Amino acid sequence: MSDSEPGSPRPEPNIDAPDPSNTIRILLATDNHIGYMERDPIRGQDSINTFKEILQLAVKNDVDFILLAGDLFHENKPSRECLYQTLALLREYTLGEKPIQVELLSDPDEGKAAGFSFPAINYEDPNFNISIPVFSIHGNHDDPQGAGSSGALCALDILSVTGLLNYMGKFDLPISDAEAATTGIAVRPVLLQKGSSRLAMYGVGNVKDARMHFELRSNRVRMYMPKDKDKWFNILLIHQNRVKHGPQEFVPEGMFDDSVDLVVWGHEHDCRIVPEPVAGKNYYITQPGSSVATSLADGEAIEKHVALLEIKGKDFKLTPLALKTVRPFVIDEINLGDVAEEEGLNLNDQMEITKYLKAKVNSLIEEAEKQWEERNAKAIEAGEEELPKMLPLIRLKVDTTGVTETSNPIRFGQEFQGRIANPRDLLVFHRAKKMNKGAKVVVEQPELSIDNPDLSISEKLAKVRVATLVKEYLSAQELQLLGENGMSDAIQMFVEKDDIHAIQTHVSRSLKTLLKNVHPEDELDEDDLEEMLAKAREQQEQEYEEERELLKTSKKGKGKAKDDDADSEDSMMMDVDMRQGSDFDNDSEEAPPPKKRAPAKKATTKSAATKATTSKAKSAPAKAPARGRAKKVVTPPVHQSDDDEVIDLDDDDEPEEVAPKPAKRTNRAAVLSQQPAKKAPAKKKATAASTTAKQTQLNFTPAGRTSRAAASKARSKMVVSDDDDYDDDD
């Protein structure tokens, strides 16, 4: 192999003569996704059980170390249960008295935790007895996050400082453009040697595919290789998209250094573990795939494997090892239209369709059970214990084009409860999309304002506004259902206000409005349907604009507050209070604010507040309040919060002698204010007068004190407040 010319096809990977003292044995795995669906009562332990099997295979095959290519954890912040089980398994199977036969030639402090003395490679620490080292890079699920004193951290950093795992492939991306021009991605290897075989492992943790694509095409991925790199076996571990999802949303297979001998590809879940040559290159690619099915897709239905990799000099041999603890998974797809033509199925009979689908699911369950039996038979032949039976995963995709009525998929799956592991997502109905000839939906890539080549980087950054970018982008699209303005506002709320439900709420509301406005009486063709949808969308956009203008008007009518409190809201106000509004809203802009307000007396109980309000109304009935603004009453800090306030009552339009019928109030303030008064006639009179109030003050009087006693104490401690006091309290 070492004599092959660059770009020439390499022979099949193999080791001619076994030589244990000079052969490095590695267990390869990737995408373990520990913690996937850990709360599911049936599938919750699948990922951790398979990880346990992988560690057992490492011990059984007497490997020198384990190599993982990312996504050890499914969540970026694994749960305590998940971390607990992972740490326990690593301690159980990787610590021991077995001597390490691979010698570390690179710097053991390369990548160690800053500020601490222990090395980055755990078996170089004299305080640990490591029998099987574990090396791993991070994936897109467990990548570093945060910017604390220790920099961005991930779950692998925790495992690394515990001494149970060696975290490699972590690097810092450049911050500024000037730094990026000379920095790029620097990859430093872990150099190992066993006998005459020398191994260099280059780990590149997951980065955004567009960034990795750019760095590779710009030749800015610098791999620090030994001077005699041709005498080393070079392994590259990456965790990126291999399948093309866009112009730059993937990493081309042929863009790696020619000195690489083997690429271990993570992130893709379908098992392609047999080494595949790359056209025009000297290296092979192996893709172990995930060890647990995280989606019910075709790629996940392929049998799961890990690999035993043996390296001797520049030669290698890879042996796939089937995983036995993986839940059986069978997937199939049918077209009911084809079934109707071939078997005479009546597409208008829902009962007949349901009966056919049940028979199809039963056949898939039988196929899964057969796979499980064959797997167990092989295990028994190999002298292993028989595994307990597991409920299979079944997925049936059904094309319902031309079907008038279908059954509920969830209700259909409940009939197989106890026979399969995923009854809720057993069936997936879909229809073939019909499009006009020549019609093609194309997502436009508009020229944004920040794409102006005449602008410098600093000017572009200063010009970046989320609302502007979203509006420019949406205006270039032909949105058929959603309005541009509403979608722009929802995205802005999502980004700036961190409202994770803003987009979902807007889309749901818009669809409900469309369904309400679209009422086809007869069958419509596609052109009439598009016209009706366009009219409904225009009506929806118009209603949204009217609501937004109404909201702006209502905000203006509530009076101007201080600049720093303009967006504040009373946290104690309830729904009933907010619905009542104020009688001054419409006249707030016409009536100029008075130069000096009449002083208000403080009251902490209902009777005291009513007396103060009635006195004010009699003394100055013609004076309008300043823009509907509430007056603050300064209270002693013993029994009342600084946020309590008394709202002025509007008696201008009502005679004093006639008290209107009190409205039924359900808020907490009203309940507290409507206490039965039986002890004194004066209290009854105050209660009757207070019914003219539209809003009342919360009563924070202690339960052991009567209302009359509280009112007496409040009158003895009244403090006159003016506008300056109100402003100072805020």
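What comes next concerns the included structure. Everything quoted here is computed from the prediction, not taken from an experiment. (Residues numbered from 1 in each chain as written. Predicted model: local features only at pLDDT ≥ 70, side-chain atom pairs only at ≥ 80, totals over all residues. Heavy atoms only, no water.)

## Some points on the sheet that holds strand 3 (residues 103-104)
- Strand order across the open sheet formed by 7 strands is 3-9-10-12-13-15-14, with mixed pairing between neighbours. Strand pairing shows two members of the sheet lacking a second neighbour, strand 3 and strand 14 (272-277), which therefore form its edges.
- Two elements, strand 14 and strand 15 (residues 284-287), share 3 bridges in a ladder whose sense is antiparallel. Looking across to strand 15, one finds that P277 is bridged to Y284. (Pairing = 2+ DSSP bridges. Helix = DSSP H or I, 4+ residues; strand = E, 2+ residues; numbered from the N terminus.)

## Structural notes on the pattern of salt bridges
- For the structure shown, the criterion picks out 22 salt bridges.
- D258 is paired through a salt bridge with K281; the nearest N and O atoms lie 2.8 Å apart. Of this pair, D258 sits in the loop between strand 12 (233-239) and strand 13 (262-266) while K281 sits in the loop between strand 14 and strand 15, and the two are 23 residues apart along the sequence.
- A salt bridge links E415 to K358; the nearest nitrogen and oxygen atoms lie 2.6 Å apart. Taken as a pair, E415 in the loop between helix 8 (409-414) and strand 20 (427-430) and K358 in helix 7 (residues 350-381) lie far apart in primary sequence, 57 residues in all.
- Linked through salt bridges whose partners overlap, the residues forming this network are R242, E253, R272 and E276. (Salt bridge = Lys/Arg side-chain N within 4 Å of Asp/Glu carboxyl O.)

## Observations concerning the environment of D257
- Structurally, D257 can be placed in the loop between strand 12 and strand 13.
- On the basis of relative accessibility, which here comes to 31%, the residue D257 falls in the partly exposed class.
- Between the alpha carbons of D257 and M223 there is a distance of 8.4 Å; along the sequence they are 34 residues apart.
- Excluding anything up to four places from it in sequence, D257 contacts M223, M225 and Y283. (Buried < 20%, exposed > 50% of the residue type's maximum accessible area, 1.4 Å probe, protein only. Contact = heavy atoms within 4.5 Å.)

## Some words on the sheet that holds strand 2 (residues 65-68)
- Strand order in the open sheet formed by 6 strands is 7-4-2-1-16-17, with mixed pairing between adjacent strands. Across the chains shown, the open sheet's two edge strands, defined by having one partner strand only, are strand 7 (166-167) and strand 17 (315-322).
- As paired elements, strand 2 and strand 4 (residues 134-136) share 3 bridges and run parallel to each other. Bridging across to strand 4, I66 finds its partner in V134.
- Of the strands in this sheet, strand 1 (24-29), strand 2, strand 16 (305-312) and strand 17 are in contact with helix 1 (residues 46-60), which crosses strand 1 at around 170°. (Axes fitted to C-alpha atoms, helices over the stretch in contact; angles between N-to-C directions.)

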